[in-house]
Amino acid sequence: MISHPSRHCTVELQALPSRIGQVRRIVSAQLRYWHLDSLIDRAMLGVTELLTNVHLHAAPDKTCTVEIELLLDRLTVSVRDHDPRLPVVDDAEPLATCGRGLAMVAAMSESWGARPDGESGKVVWFTLPTTAPVTPVAARPPRRLVDEVPVGAFAEVEHSVELGRPQPAPARSAVVG
């Protein structure tokens, strides 16, 4: 079942590997529709990790609901399943091949969490800001005055000029060094 109110999208599914790809495409298409293309990669990474956790850990069944909601300046992605056990973030060993999913969700999102949902389930969610953060412009190195540049930095250019015929100007670089 898929519903698409203007700023809300819900998908119910079995968290099986083949269905996770379908949900990724639905999330991607919905974010494009909302003109939030810059959030697609992070939203798909997060929803993939949460659905993979349902697939690997949820019991007794793999039925879950993915919900994406756009409110003001924040996108919330949540996955509701029927397993009441809340996820635990483990410190994965350096060579471990799993156990980093929730740490990745935490690193790429603005916030995330898990809460019980009734007596037989939970909701795991994360948020992404919809407005681009203001990135400070890297400070330029201070400009050097000509008298600060060592004389050896400039190569001597020799050329002959014939008077009476226009000559192209020699190429010179404005970059010091």
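Data block above holds the structure.
Residues numbered from 1 in each chain as written. Predicted model: local features only at pLDDT ≥ 70, side-chain atom pairs only at ≥ 80, totals over all residues. Heavy atoms only, no water.

### Quick look at the overall build of the protein
Then, number 1: In terms of regular secondary structure, the protein is built from three helices and six strands.
Then, number 2: Listing the helices and strands of the protein from first to last along the sequence gives β-β-α-α-β-β-α-β-β.
Then, number 3: Per-residue burial for the protein yields a buried fraction of 30% across its 177 residues.
Then, number 4: Counting only contacts in the protein whose residues sit at least 6 apart along the sequence, the fraction spanning at least 24 positions is 59%. (Helix = DSSP H or I, 4+ residues; strand = E, 2+ residues; numbered from the N terminus. Buried < 20%, exposed > 50% of the residue type's maximum accessible area, 1.4 Å probe, protein only. Contact = heavy atoms within 4.5 Å.)

### Overview of the nonpolar core
Then, number 1: Ranked by size, the top nonpolar core spans 32 residues in total, and within it Val-23, Leu-31, Leu-51, Leu-75 and Val-79 carry the most contacts.
Then, number 2: Contributing elements (two or more residues each) for this core: strand 2 (8–14), helix 1 (17–33), helix 2 (40–57), strand 3 (63–71), strand 4 (74–81), helix 3 (101–108) and strand 6 (122–129).
Then, number 3: For this core, the element with the most residues is helix 2, which contributes seven residues.
Then, number 4: Excluding residues within four positions of it along the chain, Val-23 makes contact with Val-11, Leu-13, Val-47, Leu-51 and Val-66. (Core = buried A, V, L, I, M, F, W, Y, C linked by side-chain atoms within 4.5 Å.)

### What to know about the pattern of salt bridges
Then, number 1: This structure, assessed with the given rule, holds six salt bridges.
Then, number 2: A salt bridge links Glu-110 to Arg-74; the shortest N-O distance between them is 2.6 Å. Taken together, the residues Glu-110 in the loop between helix 3 and strand 5 (111–116) and Arg-74 in strand 4 connect sequence positions 36 residues apart.
Then, number 3: On the basis of relative accessibility, which here comes to 41%, the residue Glu-110 falls in the partly exposed class.
Then, number 4: According to the relative accessible area criterion, Arg-74 is partly exposed, its value standing at 30%.
Then, number 5: A salt bridge links Asp-117 to Arg-80, with the nearest nitrogen and oxygen atoms 2.8 Å apart. Placement of Asp-117 in the loop between strand 5 and strand 6 and of Arg-80 in strand 4 is noted, with a sequence separation of 37 residues between them. (Salt bridge = Lys/Arg side-chain N within 4 Å of Asp/Glu carboxyl O.)

### Focus on helix 2
Then, number 1: Taking 1.5 Å per residue, 18 residues should reach 26 Å; helix 2 reaches 25 Å between its end C-alpha atoms and fits that length.
Then, number 2: Turning to helix 2, its buried residues are Ile-40, Ala-43, Met-44, Gly-46, Val-47, Thr-48, Glu-49, Leu-50, Leu-51 and Val-54.
Then, number 3: Contact partners of the buried residues in helix 2: strand 2, helix 1, strand 3, strand 4, helix 3 and strand 6. (Expected span 1.5 Å × (residues − 1).)

### Some details on the pairing of strand 4
Look at any regular strand and the pattern is simple: side chains alternate between the two faces of the sheet.
Then, number 1: As judged from the eight bridges shared by strand 3 and strand 4, these two strands associate in the antiparallel manner. Across the sheet, the residue bridging to Cys-64 is Asp-81, located in strand 4.
Then, number 2: Connecting strand 3 to the antiparallel partner strand 4 that follows it, the hairpin turn spans two residues, and Leu-72 within it adopts a positive phi of roughly 50°.
Then, number 3: The pairing of strand 4 with strand 6 spans eight bridges and is antiparallel. Bridge assignment links Val-77 to a residue of strand 6, and that residue is Phe-126. (Pairing = 2+ DSSP bridges.)

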